[in-house]
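Below are the chains, spelled out letter by letter.
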Amino acid sequence: MESPQNLNKVKIYIDGANIFYTQKRLGWFIDWAKVKNLVETEKEVVEWRYYVGAKDGDEKMLKYLRYLNHIGFNMTTKPLKKIKVSKDEIFPQTEKGGFIYKANFDVEMTADILLDKSELDEIIIFSGDSDFKYLVKKLKDAGIKTTIYSSRKTISWELKLESSKIIYFEDIKDKILRQ
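Here's what I pulled together on the structure shown here. (Residues numbered from 1 in each chain as written. Predicted model: local features only at pLDDT ≥ 70, side-chain atom pairs only at ≥ 80, totals over all residues. Heavy atoms only, no water.)

Read from one edge of the open sheet, six strands run β3-β2-β1-β6-β7-β8, paired in parallel fashion. Each edge of the open sheet is held by one strand with a lone partner, namely β3 (73-79) and β8 (165-168). On average, each strand axis in the sheet is tilted by 20° relative to the strand beside it, whichever way the strands run. Inspection of the sheet shows strand β7 (residues 145-150) paired to β8 by four bridges, in the parallel sense. Within β8, the residue paired with S150 across the bridge is Y168. Each of β1 (8-15), β2 (43-54), β6 (122-126) and β7 touches helix α1 (residues 16-26); the most contacted strand, β1, lies at about 70° to it. (Pairing = 2+ DSSP bridges. Helix = DSSP H or I, 4+ residues; strand = E, 2+ residues; numbered from the N terminus. Axes fitted to C-alpha atoms, helices over the stretch in contact; angles between N-to-C directions. Contact = heavy atoms within 4.5 Å.)

Ranked by size, the top nonpolar core spans 27 residues in total, and within it I12, I14, W32, W48, F126 and F169 carry the most contacts. Ranked by residue count, the leading element in this core is β2, at five residues. Excluding residues within four positions of it along the chain, W48 makes contact with I12, I14, V35, K36, V39, E40, G72, F73, N74 and F126. Listed in part, the 18 residues of the second largest apolar core include I113, I125, L135 and L159. (Core = buried A, V, L, I, M, F, W, Y, C linked by side-chain atoms within 4.5 Å. Buried < 20%, exposed > 50% of the residue type's maximum accessible area, 1.4 Å probe, protein only.)

A word on the pattern of salt bridges. Two side chains with opposite charge may pair up if their charged atoms get near one another. Under the definition given, this model contains twelve salt bridges. Across the pair E40 and K36 runs a salt bridge whose closest N-O atoms are separated by 3.5 Å. Here the residue E40 and the residue K36 both occupy positions in helix α2 (residues 32-40), the gap between them amounting to four residues, near one helical turn. Notably, a salt bridge pairs E108 with K78, separated by 2.8 Å at the nearest N-O pair. (Salt bridge = Lys/Arg side-chain N within 4 Å of Asp/Glu carboxyl O.)

Those residues of α2 not exposed but buried are W32, V35, K36 and V39. Buried residues of α2 fall within an arc of 100° about the axis and therefore sit on the same side. Structurally, the start of α2 carries an N-cap: the backbone nitrogen of A33 is 3.0 Å from a side-chain oxygen of D31. (Arc of directions from axis to C-beta. Polar contact = N/O pair within 3.5 Å; in protein donor to acceptor, adjacent residues only side chain to side chain.)

Pasting the structure below:
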């Protein structure tokens, strides 16, 4: 293992909603403490940031956020918006004509990454969302390595084309699986 001075200095940005749905699609869940240990053996992680929306009074989410805080993650949260879905629309999160809860963090994550990029050797993004394609392209153009952690089942092809490196959850399942 390299000495701490030789490790790449990185920040981690986690799109909580995207990763939640990725885990549901995979049929198994990630142990964030294991992920943290795995990444930190190879990188000098300056900060772990987790972005997620929360419903008022959602005790299960509050417990989860306390756990993430306990293992060293910094949270960026905002209230979920309740959005009525028309009869013609179908979303995986709801039935026809119902409601979905949504809190999009693409702008917040992008702003934070752009503000932080000059002090880092690498940016790591946990998301497969194609909305990050433009950001990742600009980072690459600026000479900043960008690693994406996602699933083969949920990563967008646009993000695959732009990122410096992709680590698929399926390939590291035995190291990050929540028991």
